[in-house]
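Coordinate analysis (summary)
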Amino acid sequence: MQKITDIFEALTKKRYNRNEPHLPEKIYECIANNATTDKPIKLIGFWWVWDKKDCNWADMESCEQLEKLNQDIKKIFPPWLEFTFIFSTPHWIYNWIDEENIIGYTKNMEKLFEQFWFKYIYLDNLWEKYNISFDKIETYFKENRFDWWEEKLHSTLDQLASQINKRLSAQEASKKYMIMRTLEKNMLETEFESYIFHTYNSPLFESFLPDMPRLHIYSYKKWRSNSPWFILDEK
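In this report, the structure presented in the accompanying data block is examined. (Residues numbered from 1 in each chain as written. Predicted model: local features only at pLDDT ≥ 70, side-chain atom pairs only at ≥ 80, totals over all residues. Heavy atoms only, no water.)

1. Observations concerning the overall build of the chain
Across its full length, the chain carries 9 helices and 5 strands. Along the chain, helices and strands appear, N-terminal first, in the series α-α-β-α-β-α-α-β-α-α-α-α-β-β. Taken against the 2.2 N^0.38 rule, which gives 18 Å for 235 residues, the C-alpha radius of gyration of the chain at 18 Å falls within 12% of a compact globule. Across its three principal axes, the chain shows a C-alpha extent of roughly 55 × 40 × 30 Å. Here the chain holds 235 residues, and the buried ones make up 51% of them. (Helix = DSSP H or I, 4+ residues; strand = E, 2+ residues; numbered from the N terminus. Rg over C-alpha atoms; globule rule 2.2 N^0.38 Å. Buried < 20%, exposed > 50% of the residue type's maximum accessible area, 1.4 Å probe, protein only.)

2. What about the pattern of salt bridges?
Inspection of every chain in the model, using the stated rule, returns 12 salt bridges. For Asp 72, the salt bridge goes to Arg 15, with nearest N and O atoms at 3.9 Å. Note that Asp 72 is positioned in helix H3 (residues 57-76) and Arg 15 in the loop between helix H1 (2-11) and helix H2 (24-35), a separation of 57 residues in sequence. Residue Asp 72 is classed as buried on the basis of its relative accessible area, which comes to 13%. The exposure class of Arg 15 is partly exposed, given its relative accessible area of 36%. The residue Lys 75 makes a salt bridge to Asp 72 at a minimum N-O spacing of 3.9 Å. Taken together, the positions of Lys 75 and Asp 72, both in helix H3 and 3 residues apart, correspond to about one turn of that helix. (Salt bridge = Lys/Arg side-chain N within 4 Å of Asp/Glu carboxyl O.)

3. Notes on the state of the cysteines
Taken as a whole, this structure holds 0 disulfides when the rule is applied. Cysteine Cys 63 shares no disulfide, and the gap to the nearest cysteine sulfur, in Cys 55, comes to 8.1 Å. (Disulfide = S-S within 2.5 Å.)

4. Focus on the sheet that holds strand E4 (residues 196-199)
What the 5 strands build is an open sheet, ordered E3-E2-E1-E4-E5; its pairing is parallel. Where the open sheet ends on each side, the last strands, each with one partner, are strand E3 (119-122) and strand E5 (214-216). The sheet shows a mean angle of 25 degrees between the axes of neighbouring strands, direction not considered. By the bridge criterion, 7 bridges tie strand E1 (residues 41-47) to strand E2 (residues 81-87) in an arrangement that is parallel. The residue of E2 that forms the bridge with Leu 43 is Phe 83. (Pairing = 2+ DSSP bridges. Axes fitted to C-alpha atoms, helices over the stretch in contact; angles between N-to-C directions.)

5. Concerning helix H9 (residues 170-191)
Counted at 1.5 Å a residue, the expected span for H9 with its 22 residues is 32 Å, and the 31 Å between its end C-alpha atoms agrees. Its axis deflected by about 25 degrees at Glu 184, H9 carries its strongest bend there. Looking at H9, one finds that the buried residues are Ala 173, Ser 174, Lys 176, Tyr 177, Met 178, Ile 179, Met 180, Arg 181, Leu 183, Glu 184, Met 187 and Leu 188. (Expected span 1.5 Å × (residues − 1). Bend = angle between axes of the 7 residues up to and from the residue.)

6. Quick notes on H1
Of the residues making up H1, those classed as buried are Ile 4, Ile 7, Phe 8, Ala 10 and Leu 11. Taken down its axis, H1 places every buried residue within 165 degrees of arc, on the same side. For H1, the elements touching its buried residues are H2, E1, H3, E2, E4 and E5. (Arc of directions from axis to C-beta. Contact = heavy atoms within 4.5 Å.)

7. What about the pairing of E2?
Counting buried positions along E2 gives 7 out of 7 residues, so the element sits mostly inside the fold. What you see with E2 is no split at all: Leu 81, Phe 83, Phe 85 and Phe 87 on one side and Glu 82, Thr 84 and Ile 86 on the other are buried throughout. One ladder, built from 4 bridges, connects E2 with E3; its direction is parallel. Counterpart to Thr 84 in the pairing with E3 is Lys 119.

See below:
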């Protein structure tokens, strides 16, 4: 029992987490289920792409930050953590990211993940399995299927959409993105039932994050949560 508590405290310590964990009792349960069978504790999260086709120092240091967490866990629990990342390719296509950047960046990130023994999968395959498509998103948008637009989140999403999406108005882009992420919530909760979800997002985005045991983590260093794929500048 003490080992499980020690793992939980190491995994949720302030050095790595920008906010309090979501469903901490479920995180504890997930740790307990794996610790008793000496299996790795599984974590799942998204990895995006932006206007770069090669990984840089921010991507490297974000992986190194996760590796530091892994090493802390290994001192207590040798099977340690198993990180899996979802390359969210449909999100990038939706935002009109150059195909050359998508291919170049993901291939370079695959190599970087392999250096750290991180696993990766592609969102396209999950969309196909769970019957999610751009056509369905468009249909739900026209039907105004999800009544969420009055939430205070919408102004933040509008602002982000104006910076990220290259083909739609900010309001249309953010509404469709919210539909997309809402459809994905059940997919993630079902497909990764025994996992802990981790994200660089703050709890402000609770509306479209899966209702799973969840960590809100720092990215490339303590006190920074900038998503590394958006960082284009030289260090």
